[in-house]
Amino acid sequence: MPIPTDIEEFVEKHIKLMISQTETYLPFIRVAFPYSNNIADGVYNVIMGSALSIFVNQFAMKMKYPTAEDFTEFGKMSLKFRDQVDQFFK
């Protein structure tokens, strides 16, 4: 069963907002973490952690629980944004 469309759209909008904010903070990120080997992984994980919280909250507002399949679909959805985050650090 796919993620309900309204939840998927809300989570994707949140991810896009976080990515646009990353672009704004990029100069700070590079200065603040000069010794990090892979900042892209850290930034991606922060964005997806935030998105996961939004994902679960959207289900809770409908008085539902996401299933294991819903979490699998969330993982697939989040992978669509991996390359966008990586591009900031190349």
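Residues numbered from 1 in each chain as written. Predicted model: local features only at pLDDT ≥ 70, side-chain atom pairs only at ≥ 80, totals over all residues. Heavy atoms only, no water.

*Asks:* Please explain the overall build of the protein chain as it appears in this structure.
*Replies:* Looking only at helices and strands, the protein chain has 4 helices and 0 strands in total. The linear arrangement of helices and strands in the protein chain, starting from the amino end, is α-α-α-α. By the burial criterion, 34% of the 90 residues in the protein chain qualify as buried. Long-range pairs, those at least 24 residues apart, make up 80% of the contacts in the protein chain between residues at least 6 apart in sequence. Split by element, the accessible area of the protein chain, about 6000 Å² in all, is 60% carbon and sulfur. (Helix = DSSP H or I, 4+ residues; strand = E, 2+ residues; numbered from the N terminus. Buried < 20%, exposed > 50% of the residue type's maximum accessible area, 1.4 Å probe, protein only. Contact = heavy atoms within 4.5 Å. Areas by Shrake-Rupley, 256 points an atom, 1.4 Å probe, with all protein chains shown as cover.)

*Asks:* Just to check I follow, could you spell out the packing of aromatic side chains for this structure?
*Replies:* Aromatic rings in a pair are described by how distant their centres are and how their planes are angled relative to each other. Under the definition given, this model contains 4 aromatic pairs. Summarising the aromatic geometry, the rings of Phe-55 and Phe-59 are spaced 5.1 Å apart at their centres and angled 70 degrees between planes, so their arrangement reads as edge-to-face. In this pair, Phe-55 and Phe-59 are both assigned in helix α2 (residues 39–61), 4 residues apart and thus about one turn of the helix distant. With relative accessibility at 0%, the residue Phe-55 sits in the buried group. In textbook terms, an aromatic cluster arises when at least three aromatic residues are bridged by ring pairs, as seen for Phe-55, Phe-59, Phe-71 and Phe-74. Across the ring face of Tyr-44, the terminal group of Arg-82 is positioned such that the distance to the ring centre comes to 4.5 Å. (Phe/Tyr/Trp six-rings, centres within 6.5 Å; stacked < 30°, edge-to-face > 60°. Lys NZ or Arg CZ within 6 Å of the ring centre and 35° of its normal.)

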